[in-house]
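The primary structure of each chain is shown beneath.
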Amino acid sequence: MATHKPSPPWLIILASFLTTAFGACITYGTGVTYKALRDRYNESVVLTSWLGSLALAVFSIGGPVGSVLINISTCRTCIVIGGVLNLIGYSSSYLVTDMNFLFVTFGVIGGLGQSLCYSASLVIAGFYFEEHRSLASGVAVSGAGVGMLLMPSYTQYLIDTYDLEGAFLLLGATGVQVCVFALLMRPHPLEQKRKLQPGDTKISQNIYRRSNMCSGCLEHFGILRNKEFLLFLVSTVMWHIGNSIVLLYLPSYFIYRGSSFVEAASIMLMMGAGSIFSRILVGFAAVDENTGPRILYTGILGLSGTATCFLSYFASTLPGKVVYTFIYGLYTGGIYALFNSILVELLGIEKLASSFGATLLACGVGTLVGPPIAAFLVVGESENYEPTFFLAGLCIIAGSIFQILMTLKCQFKLPDVDGGTCAGADDIPQDNIKGNLADLQYPTEIQMKRFDDC
Amino acid sequence: MNMPYVFSTLTLIICTYIVNSVALTMIPSQSMLWHLEGERFELKCRLTGPSPTNDLKLLKDNGDIFTGTLSSKTNADGTVTTTLLYEKSKAELSDAGTYKCTNNNEERDMEVGVVAVTPQHGTFNPDQVTLGCEIVGAESKDYSVIWMKKNVSLTDDAKYSISNTSLSLSILKPENKDGGEYTCNFIFNHGQRNLSVPVNFYAKPHAEMKEKKSKNLAQDSTLILRCTTYGHPAPNVTWFKGDLELEPEKDTRISINGQYPNSELHIVELDFDDRGDYICEASSGHFPNSTMRATILIRIKDKLAALWPFLATVAEVIILCIIIFICEKRKSKEVEDDADGATDNAANAQDHKGKDEVRQRNVRA
């Protein structure tokens, strides 16, 4: 395997942005397809909305799958596979006549493709930018924000022009564009170091691949041994529970407090817009060494959670509603830009793929658990939104508290061999990597450890 | 000791018996009776005694004496009940007054009131519509009024305003769908009678389809159009394609479900001929010159219409991927060649190190 020169960083940013925008946001159009599906197939409300939930669930579970794939091969391969899955999944929905098959094509295959594109695109941004990791992740993740904003209108246009099947077909074509972007993103030497051995021959490469596969799987469980990472995962689940409740019930709540349907929809659009800006802004802010990603993360969650607890006061006037929504979008959108930095700080760059996958899974778990809990409260109390949002706010604040716990634990912890340190950006792994790319000692150690794990 | 107590109780029992055995009653036995003008009006005067009597009389306060039909019935205990029945098929306003039933010894009184209520209907006006109920034959102290629409009471709020006399209801800034049948309900304070009078808010027929101006559908798919109509009285809904009325009996592909308020048009197995303007029309006999139509243009697209852009896009992706792939291969080949070349040169330099001077001298010379 020849050593590739790395691609220019601006190309990586651009390609990463486009990959998340084209390849990972098709499920955001689900709201639009829902209406068209109900008209066409006339199935129950529950069954049709299940499709969206399934796509989301597969998106999260695909996180660890993506990690394994990235560990076996490269980020680039993962994106290409994701693009192909997008193509197969969405375009074969064109031929579907029975809605139940849509669950497999649109939900599982398509959802998996989306997930692979999203994970790999962000992980590669993590590899390429040691210095401005947050900013790079911010730009990459803002691609998802743009996709969130544009995909519903785009999907509606396709349905209007080509009807539902044609729309599916062309969504597949849109999703496969990422293959082109992926080919522009050559693996970073950091990534390749994980694969290469000194003096590699075909035989050792095969042994290496086999060992990598099983070590890749074991790695996932290995990272769970790290207690800080566990706290981070719990924090992620908690605030996603709160987040999903807010996103689900906010429009209905605004209407309940006097807005019209159109007004509520426009306010939600503001959240999307705010989120795009914030992903870049927060990425930018996190680069500053004094603030650091972890403090930002804690602060963001704390503020959003507190604002949500007091939502009933905000929601009494129209400007209040807009302010709350914009703040919420601004803050929670930006958090995704911080994932990469925090994960690298916690577990090191070589484990980024695995840890990212696990984090994505945690996001999914929180998002799937939130609505049923809220439905129980809202239905049980008959349209009583206030306690529901209070609970959501508390969950988000809980996420923030777990994050604080994690930081505190880090302060008093010594660096260990187990899974990287968490002290900060200027620690051992980063120094090594910044220093000499030709230095193969460090990877060899990792190599030995992997063989041990196997 | 208890003798006075026992004696008075006995007297009470005997007196009640005596009174009951010769009892004069009026039916209905209320202090006040309300009737609507035109309703059937009936009063009974009843005397129960040991034998039938002819002395029953029904008088009105203005001196009129009413003759009715007298009938007798023997009861189980041997007494006889004589009933004087006075009935009128249609009550008039002048029938109001105090009626007295007497048999020379006793009399019973009853107030009878007769009212006429006239509804004042309203027609749609974007600022305000006022509905009213005019009542003749009773004063405001005799009743209270509740306005209702479809069994829901209306109160003074942002939308409705009820007058001081509560005889008018104003609907502020009304919309078309506020039209319909309202009721003013009179509840009389005495006499246990409620009166419900329908008042109409007439609204012109209104039809709308919640769709964009045009829609593209694939060949062989199904067209479903939903038309929502408002208006009072309920409008008739007709579907047209262009100028032609759509009739489900003539074409099996077409079916129309529902009329007012929601009507759905289904056409299955669409073909290119089905392209055109589809119109939902709401009309009402009450407003002959105001029918409203909602139109949508339906275009039929080839089944495979989406296939061409799809193939073009996939081809573009494949071509771009191949180009990038080839460029990369070439670049990495160059890098390898350079690397090989460098190592070769280095090797050569080492091999011929000793002979360099000789070579160079030769070259220079």
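Residues numbered from 1 in each chain as written. Chains lettered and ligands numbered in written order. Predicted model: local features only at pLDDT ≥ 70, side-chain atom pairs only at ≥ 80, totals over all residues. Heavy atoms only, no water.

Draft legend 1. Representation of the overall build of chain A. Along the backbone of chain A there are 19 helices and zero strands. Sorting the 454 residues of chain A into buried and exposed places 57% on the buried side. Sequence separation of at least 24 residues holds for 85% of the intrachain contacts in chain A that already meet a minimum separation of 6. Accessible surface, chain A: about 18300 Å² in total, of which carbon and sulfur atoms supply 71%. (Helix = DSSP H or I, 4+ residues; strand = E, 2+ residues; numbered from the N terminus. Buried < 20%, exposed > 50% of the residue type's maximum accessible area, 1.4 Å probe, protein only. Contact = heavy atoms within 4.5 Å. Areas by Shrake-Rupley, 256 points an atom, 1.4 Å probe, with all protein chains shown as cover.)

Draft legend 2. A look at the interface of chain A and chain B. Each partner contributes to the interface: chain A provides 23 residues, whereas chain B provides 25 residues. In total, chain A and chain B occlude about 2000 Å² of area from one another, counting both sides; carbon and sulfur atoms represent 64% of this. Joining chain A to chain B, the criterion identifies two salt bridges. Glu328 of chain B serves as the salt-bridge partner of Arg186 of chain A, at 3.1 Å between the closest nitrogen and oxygen. Linking chain A to chain B there are six residue pairs in polar contact (both at pLDDT 80 or more). Only helix H4 (75-92), helix H6 (133-175) and helix H7 (178-184) of chain A provide two or more residues apiece to the side of chain A that touches chain B. The element best represented in the side of chain A that touches chain B is H6 of chain A, accounting for nine residues. By residue class, the composition of the side of chain A that touches chain B is 12 nonpolar, six polar and five charged. (Buried area = accessible area lost by both parts, 1.4 Å probe. Salt bridge = Lys/Arg side-chain N within 4 Å of Asp/Glu carboxyl O. Polar contact = N/O pair within 3.5 Å; in protein donor to acceptor, adjacent residues only side chain to side chain. Nonpolar A, V, L, I, M, F, W, Y, C, P; charged D, E, K, R; others polar.)

Draft legend 3. Local environment of the side chain of His206 of chain B. Residues and elements named next belong to chain B. Looking at the secondary structure, you find His206 in strand E17 (residues 194-208). A residue is classified by how much of its surface remains accessible, and His206, at 16% relative accessible area, is buried. Residue contacts for His206: discarding those within four places in its chain leaves Asn176, Thr228, Thr229, Tyr230, Ala282 and Met292.

Draft legend 4. Spatial organisation of the nonpolar core. Tyr118, Phe229, Phe232, Leu250 and Tyr297 of chain A are the most contacted members of the largest nonpolar core, which has 119 residues in total. Ignoring any residue separated from it by four or fewer positions in sequence, one finds Phe232 of chain A in contact with Tyr297, Phe339, Ile342, Leu343, Leu346, Thr359, Gln403 and Met406 of chain A. Cys133, Ile135, Trp147 and Phe188 of chain B belong to the second-largest nonpolar core, a separate cluster that totals 26 residues. (Core = buried A, V, L, I, M, F, W, Y, C linked by side-chain atoms within 4.5 Å.)

Draft legend 5. Up close: the packing of helix H5 (residues 99-128) of chain A against H6 of chain A. Residues and elements named next belong to chain A. Here H5 crosses H6 at 155°, and the two axes come no closer than 11 Å. Of the possible angle classes, the one that applies to H5 and H6 is roughly antiparallel. Note on packing geometry: the crossing formed by H5 with H6 is right-handed. Note on element contacts: H6 touches H5 through Arg133, Ala136, Ser137, Ala140, Val141, Ala144 and Phe168, opposite Leu102, Phe106, Tyr118, Leu122, Ala125 and Gly126. Looking at side-chain class alone, the contact of H5 with H6 contains 10 nonpolar, two polar and one charged residues. (Axes fitted to C-alpha atoms, helices over the stretch in contact; angles between N-to-C directions. Parallel < 35°, antiparallel > 145°, perpendicular 65-115°, else oblique. Left-handed = near helix turned anticlockwise from the far one by under 90°.)

Draft legend 6. Structural view of the pattern of salt bridges. Within this structure, the stated rule accounts for 18 salt bridges over all chains. We note a salt bridge from Glu39 of chain B to Arg193 of chain B, for which the minimum N-O separation is 2.6 Å. A residue pair is termed long-range when its members are at least 10 positions apart, and Glu39 of chain B in the loop between strand E2 (32-36) and strand E3 (41-49) and Arg193 of chain B in the loop between strand E16 (180-188) and E17 qualify at 154 residues. For Arg193 of chain B, a relative accessible area of 21% corresponds to the partly exposed category. Note that Lys88 of chain B and Glu92 of chain B form a salt bridge whose closest N and O atoms lie 3.6 Å from each other. Taken together, the shared-partner salt bridges connect Arg76 and Arg186 of chain A together with Glu328 of chain B into one network.

Draft legend 7. Representation of the environment of Phe181 of chain A in the model. All names here are of chain A. Within the fold, Phe181 resides in helix H7. Between the C-alpha atom of Phe181 and that of Ala15, which follows or precedes it by 166 residues, the distance is 5.2 Å. With sequence-adjacent residues up to four places away left out, Phe181 is seen in contact with Ala15, Leu18, Thr19 and Phe22.

Draft legend 8. Main features of the packing of aromatic side chains. Applying the stated criterion across every chain yields a total of 23 aromatic pairs over all chains. Arranged with centres 6.1 Å apart and planes meeting at 85°, the rings of Phe41 of chain B and Tyr86 of chain B form a pair that is edge-to-face. Of the two residues, Phe41 of chain B sits in strand E3 while Tyr86 of chain B sits in strand E7 (residues 80-88), which places them 45 residues apart along the sequence. The exposure class assigned to Tyr86 of chain B is buried, which follows from its relative accessible area of 11%. Through a chain of ring-to-ring contacts, the aromatic side chains of Phe229, Phe232, Trp239, Tyr297, Tyr336 and Phe339 of chain A assemble into a single cluster. Lying over the aromatic face of Phe240 of chain B, Arg293 of chain B brings its terminal NZ or CZ to 5.2 Å of the ring centre. Between the NZ or CZ atom of Lys301 of chain B and the centre of the ring of Tyr162 of chain A, over which it lies, the distance is 5.6 Å. (Phe/Tyr/Trp six-rings, centres within 6.5 Å; stacked < 30°, edge-to-face > 60°. Lys NZ or Arg CZ within 6 Å of the ring centre and 35° of its normal.)

Draft legend 9. View of the state of the cysteines. Residues and elements named next belong to chain B. As enumerated under the stated definition, the model contains three disulfides over all chains in all. There is a disulfide in this structure between Cys133 and Cys184, and the S-S distance comes to 1.8 Å. Note on the Cys133 and Cys184 pair: the S-S dihedral is about -90°, so by sign convention the disulfide is left-handed. Of the two residues, Cys133 is situated in strand E11 (residues 128-136) and Cys184 in strand E16; the sequence distance between them amounts to 51 residues. Overall, the relative accessible area of 2% leaves Cys133 in the buried class. A sulfur-sulfur distance of 1.8 Å marks the disulfide that ties Cys227 to Cys280. Here the disulfide of Cys227 and Cys280 is left-handed, its torsion about the S-S bond being about -75°. Taken together, the residues Cys227 in strand E19 (residues 223-232) and Cys280 in strand E24 (residues 276-284) connect sequence positions 53 residues apart. (Disulfide = S-S within 2.5 Å.)

Draft legend 10. A look at the sheet that holds E3 of chain B. All names here are of chain B. Reading across the sheet, the four strands line up as E1-E3-E7-E6 and stay open at both edges, with antiparallel pairing between neighbours. Here the strands that pair on one side only, and so sit at the sheet edges, are strand E1 (23-27) and strand E6 (69-74). The average undirected angle you get between the axes of adjacent strands in this sheet is 20°. As defined by bridge partners, E1 adjoins E3 across five bridges and the pair is classed as antiparallel. When the sheet's bridge partners are listed, Leu24 is paired in E3 with Leu47. (Pairing = 2+ DSSP bridges.)

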